[in-house]
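Listed here are the chains, written in short residue letters.
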Amino acid sequence: MNVRAQHPHRSIKAAESQLSACCTISRMSAQPSPYAALFHPLDLGSGLVLPNRVVLAPCTRNRATADLGPSEGAADYYAARAEAGLLITEAVLVTRQAQGYLDTPGLFADSHVPGWARVCDAVHARGGRIFAQLWHTGRIAHSHWARVQPVAPSAVLDPILRRQAGGVELYNEMPRALEASEMAGVIDLFAQAASRARAAGFDGVEIHGANGYLIEQFLRQHTNRRDDAWGGSLQGRLRFALAVVQACLNEWGPHRVGLRLSPFPDFGEMRWTAGDNETYIALLQALSSLPLAYVHTGITQDLPRAEIDGTPSQFLRRHWPGVLIGNGGHNPQTGQAHLSARDFDLISFGRLFIANPDLVARLQQGQPLRDYHHDLVKEFR
Ligand SMILES: Cc1cc2nc3c(=O)[nH]c(=O)nc-3n(C[C@H](O)[C@H](O)[C@H](O)COP(=O)(O)O)c2cc1C
């Protein structure tokens, strides 16, 4: 299916008429919102109609159970935000061997499915839609949790101090370069997690290809020093990302798989190298013939960078013809401006959604927002 045929600006009318027939989506207020551009519906295709343009950005909450299922509180946490057009979960591990932070949940065992099913049921009961973000940290895993040496495209250390565990500072470890013979198994981890996400009742999956984790480690020359089919050339660096996308599409079918990308490196010690732009442009061109639900910017601040000739979202907009979720330090005013200008089609909020579980109602009614402060990550409501 051609993604261009699903372009959001041509599908608003169809989405509105489908919405009017849909009784599960609540109308929050008769008053026009000051952020009207955030409140147009969008048809992602394959029966997935978003009632507004506001997305919960994936935010790790470090509250998984001992066996890395979602916490008891996760169902209430996500359900409280169900008025968003789309919720994307915190990053969810596709293997225990990718764990790099405290108490991050997974979908790498069948025992994780019932916990996530409770989350999906709670969100659906409130009329919401939810994608699971599938995650392999690569070199950012840590043997403290993963119990094995981290794996990566190449043995390139991220030397930046990353996290605390029970008061102990943990430094990143030198990763082991994956053998070519292991690659099919790593791709299959994503396929299996995508399949479990279906079993749990999610509406789709987002592949975490951003923020310096395994997929980005394969894309960038700084971290991919291989000379085999999984590196060594632009096509080689694309191979893993495209294989993971295809594996997830095989599980889910059209318009239920999104991909998060950081066209400018953001997190940890991930470096931009001349030639990386061409890699991302070629990736987006290859993806444009696939029925992805969307591409999602992954960046802390969506600000202009000379290396990519604009902001990360602008870079993606230039080279990606399908639905784009903008992200990175935005607020309702910038969201309204960018959506009105069609710089992107949806906007995700991370920190504002942590601080304001009722963000959508507040935006609808033009109410003031509670500012985000790092201490708020200790709250879980
Ligand atoms: C506490 C916290 C946890 C985060 N965890 C994730 C994550 O699991 N996956 C991901 O892709 N991004 C993660 N991010 C990044 C956010 O999705 C988002 O890109 C970033 O916060 C910028 O958007 P904002 O300004 O709307 O918060 C996290 C951000 C925060 C603040």
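One can find the structure itself at the top, above this paragraph.
Residues numbered from 1 in each chain as written. Predicted model: local features only at pLDDT ≥ 70, side-chain atom pairs only at ≥ 80, totals over all residues.

Notes on the sheet that holds strand S10 (residues 204-209)
Using the following cut-off: Here, a strand pair is defined by DSSP locating no fewer than two bridges between the strands. The numbering of helices and of strands both runs from the N terminus, where a helix is a DSSP run of H or I of at least 4 residues and a strand a run of E of at least 2. Every axis in this analysis is a line fitted to C-alpha atoms, fitted for helices over the stretch in contact. Angles between the N-to-C directions lie between 0 and 180 degrees. Two residues qualify as a contact pair if the distance between their C-beta atoms, derived from the backbone, is within 7 Å.
Ordered in space as S3-S4-S5-S10-S11-S12-S13-S14, the eight strands form a closed barrel in which the pairing is parallel. Shown here is a sheet whose adjacent strand axes are inclined to one another by a mean of 30°, direction ignored. Alignment of strand S11 (residues 257-261) against strand S12 (residues 294-297), held across four bridges, turns out to be parallel. Counterpart to Leu259 in the pairing with S12 is Val295. Sheet contacts for helix H5 (residues 183-200): strand S4 (86-93), strand S5 (130-135) and S10; angle to S5, the most-contacted strand, approximately 160°.

Notes on the packing of helix H7 (residues 234-252) against helix H8 (residues 276-287)
Operational definition: Should an angle fall under 35 degrees it is called roughly parallel, over 145 degrees roughly antiparallel, and 65 to 115 degrees roughly perpendicular, with every other angle called oblique. Take the far helix as your reference; a near helix turned counterclockwise from it by less than a right angle gives a left-handed crossing, and one turned clockwise gives a right-handed crossing. When residues are grouped by polarity, Ala, Val, Leu, Ile, Met, Phe, Trp, Tyr, Cys and Pro land in nonpolar, Asp, Glu, Lys and Arg in charged, and all others, Gly among them, in polar.
One can describe the packing of H7 onto H8 by two numbers: an axis separation of 10 Å at closest approach and a directional angle of 40°. Overall, the two elements H7 and H8 adopt an arrangement that is oblique. As for the relative orientation of H7 and H8, their crossing is right-handed in sense. Residues Leu234, Arg237, Leu238, Ala241, Leu242 and Val245 of H7 lie in contact with H8, whose contacting residues are Glu278, Thr279, Ala282, Leu283, Ala286 and Leu287. For the contact of H7 with H8, the class distribution of residues is nine nonpolar, one polar and two charged.

Describing the nonpolar core
The condition is simple: In plain words, the nonpolar core is the set of buried Ala, Val, Leu, Ile, Met, Phe, Trp, Tyr and Cys residues that C-beta atoms within 7 Å link up. Whether a residue is buried, exposed or partly exposed follows from its count of other C-beta atoms within 10 Å of its own C-beta, namely 20 or more, 12 or fewer, or something in between, respectively; the C-beta atoms are built from the backbone.
Val205 and Cys248 are the most contacted members of the largest nonpolar core, which totals 97 residues. Of all the elements, H7 adds the most residues to this core, at nine residues. When near neighbours in sequence (up to four residues on either side) are disregarded, Val205 contacts Phe131, Ala132, Leu134, Ala194, Ala197, Cys248, Trp252 and Val257.

Structural notes on the pairing of S4
Rules: Seen with its strands pointing away from the viewer, a crossover is right-handed when the path leading from the first strand over the helix to the second is clockwise.
For S4, the buried fraction is high: eight of the eight residues fall into the buried class. Pairing geometry for strand S3 (residues 54-56) and S4, over two bridges, is parallel. Bridging across to S4, Val55 finds its partner in Leu86. Direction of pairing for S4 relative to S5: parallel, over a ladder of five bridges. For Leu93, the partnering residue across the bridge sits in S5 and is Trp135. Between S4 and its parallel partner S5, the chain crosses via helix H3 (residues 113-125), and the hand of that crossover is right-handed.

Overview of the packing of H5 against H7
Each pair of packed helices can be summarised by the angle the axes make with each other and by the distance between the axes. Relative to each other, H5 and H7 sit at 30°, their axes nearing to 9 Å. Between H5 and H7 lies a crossing of right-handed hand. Across the interface between the two elements, Met183, Ile187, Phe190, Ala191, Ala194, Ser195 and Arg198 from H5 touch Phe240, Ala243, Val244, Ala247, Cys248, Asn250, Glu251 and Trp252 from H7. Within the contact of H5 with H7, the residues separate by chemical class into 11 nonpolar, two polar and two charged.

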